[in-house]
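These are the residues of each chain, in order.
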Amino acid sequence: MTETALANLQNLYRIFTIPEAPDSTLGAVDHAISENVADFLQKHIVALERSLEDIEKDFAASKIPEEPSFVSDYAEFVKQKLVAQSVHTAAPGFIGHMTSALPYFMLPLSRIMTALNQNLVKVETSKAFTPMERQVLAMLHHLIYRQDDSFYQQWIHDSQHALGAFCSGGTIANTTALWAARNQLCGPDGDFAGIAKEGLFKALQYLNCNGLAILVSRRAHYSLGKAVDLLGIGRDNLILVDTDDHSRIDMAALRVEYKKLCERNIRPLALIGIAGTTETGHVDPLDDLADFAEEIGCHFHVDAAWGGPTLFSATHRHLLKGIERADSVTIDAHKQLYAPMGAGMVLFKDPHALTAIEHHANYILRHGSKDLGSHTLEGSRPGMAMLVHAGLSIIGRKGYELLIDLGIAKARKFAELIKAHPNFELMTAPELNILTYRYNPAWLQKEMGQLNQQQLQKINPLLDLITQEVQKRQREAGKTFVSRTRLRSSLYHGEQISVFRSVLANPLTTEEILAAVLEEQCAIVKQTEVQNYIEDIKQIVA
Ligand SMILES: Cc1ncc(COP(=O)(O)O)c(C=O)c1O
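Residues numbered from 1 in each chain as written. Predicted model: local features only at pLDDT ≥ 70, side-chain atom pairs only at ≥ 80, totals over all residues. Heavy atoms only, no water.

Moving on to the nonpolar core. Counting residues in hydrophobic clusters, the biggest one holds 72 residues, and the most contacted among them are Met 345 and Val 388. When residues of this core are assigned to their parent elements, the largest contribution, 9 residues, is made by helix 7 (residues 129–145). Sequence-distant contacts of Val 388, defined by excluding residues within four places in its chain, comprise Val 136, Phe 166, Ala 333, Leu 337, Ala 339, Ala 343 and Met 345. Listed in part, the 37 residues of the second largest apolar core include Tyr 437, Tyr 439, Val 517 and Val 530. (Core = buried A, V, L, I, M, F, W, Y, C linked by side-chain atoms within 4.5 Å. Buried < 20%, exposed > 50% of the residue type's maximum accessible area, 1.4 Å probe, protein only. Helix = DSSP H or I, 4+ residues; strand = E, 2+ residues; numbered from the N terminus. Contact = heavy atoms within 4.5 Å.)

Take a look at the structure:
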């Protein structure tokens, strides 16, 4: 071996062993982040100076670098090009999405998780992490289903069963729930070896029907569209049922849709209730849905990716009444359990349910092993359960209760501010901690009652443009942030309307910040480009 080759090899070994000097740039970045994560991330929402197009230029090269480089050089790149240009989701003025501040202990603990680099697919690469993940699943199972101690003693570490599946997020959790439901409905029976073996075409012949369908409200998260696509059910068979004036599934409309399916000989595979819709945070009438699922004999799934932790709150838990009757429930830990990105769970009432998707392999996941990989859609998985375990242990039931109660109280306060402000219109009031609203000048709100349908149909699109423009400019200014979406509004005869969407989950968001969000929006409306839309509206009204 040449001297250079030897030096290269030694350098390569060093990467896996000795870090560079602690005062290196990487050390400095690490230090800056670890020292005071809150301060580091709270100053701005985004780095203002650069557009996404400009940032893309830093990531334009498509060739893998030929030569190795110093870690310190790379750390400088991270500092300049990534950290400085990332979105500071922890900022208390960032109230537009479901990603918020993390408790400080998540950062050092996640470093331990990375250092250990466990793989939860099998016990051989995870040892104590597997029982811990099983415990986390049991804790969440208990939060929902409240079985007695003997139940958990029997099932928590049972090698043949799992109380749920830990995964990377709500999308995989929802998909896993529907996968299990599908395989249960089309399980082996007589000559039919089951859908897992024979596929959907044979399953439909066995069931003697023309297709399978999933029923859920219009407010469903788009992950369900992906799930029905993957499972061969087809996006056309994800039946989106109309909602009532409170964004909850309309039970009468649900019955109509069910009847239509029966007429086409399509079998409902699952009925889904949403506990905390992504856009408005509303909760479906879960007890009524459980009754209906029982009546028509189908799987009842609750997508509680967002709202599940409301169960911690003695005050608000009643909103989710009926969730305990669900066959399966999705909860995202990276939402209101305040774990970092990449942690979701699906819990099953019946410990046998996941047997329907069980998978074994000879070199791992052997029959009778406690490997959790036999009951998950994903293969290799990190030890994220440790961070959820940390949250549950350190924050505790009462801590989460406080966080939930605070968020809901804050959303109500924000709704009051919006209602009290002459130039804003509350579009959906918060049931949990999400609300939607829009800018609508006081004079126009007064006029709107007298306007005819034709005028309204011209005005609402202009108000939509104002919402879109204000939201964009506010995001670009980088001080505060709300998101936006489009909703059918019962206030305007079911018309689709653009609205600001606000998610109040960051405990550090204050009432002053909420008032500042509205003030900033009013200031943006005064800018010429937005005023032009107002002038257009005035002409229509005149
Ligand atoms: C109600 C609901 N379900 C499912 C999901 C999907 O979760 P994830 O983004 O973790 O895959 C979300 C995400 O916002 C959600 O709000």
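Take the side chain of Ser 328 next. Within the secondary structure layout, Ser 328 lies in strand 6 (residues 328–332). Classification of Ser 328 as buried rests on a relative accessible area of 0%. Among the polar contacts made by the side chain of Ser 328, one reaches the side chain of His 301 at a distance of 2.8 Å. (Polar contact = N/O pair within 3.5 Å; in protein donor to acceptor, adjacent residues only side chain to side chain.)

Surrounding the ligand, one finds 14 residues, the nearest of these being Gly 170, Thr 171, Asp 303, Asp 332 and His 334. At 3.2 Å, a side-chain N or O of Lys 335 approaches an oxygen atom of the ligand. The protein chains hide 85% of the 390 Å² of surface that the ligand would expose on its own. When the residues that make up the shell around the ligand are grouped by side-chain class, the tally is 2 nonpolar, 9 polar and 3 charged. (Near = heavy atom within 4 Å. Areas by Shrake-Rupley, 256 points an atom, 1.4 Å probe, with all protein chains shown as cover. Nonpolar A, V, L, I, M, F, W, Y, C, P; charged D, E, K, R; others polar.)

A separate point is unusual backbone geometry. Look at Asn 117: it is not a glycine, yet its phi comes out positive at around 45°. Along the chain, Asn 117 turns up in the loop between helix 6 (106–116) and helix 7. For Asn 208, which is not glycine, the phi dihedral falls at a positive 60°. Within the secondary structure layout, Asn 208 lies in the loop between helix 10 (195–207) and strand 2 (211–217).

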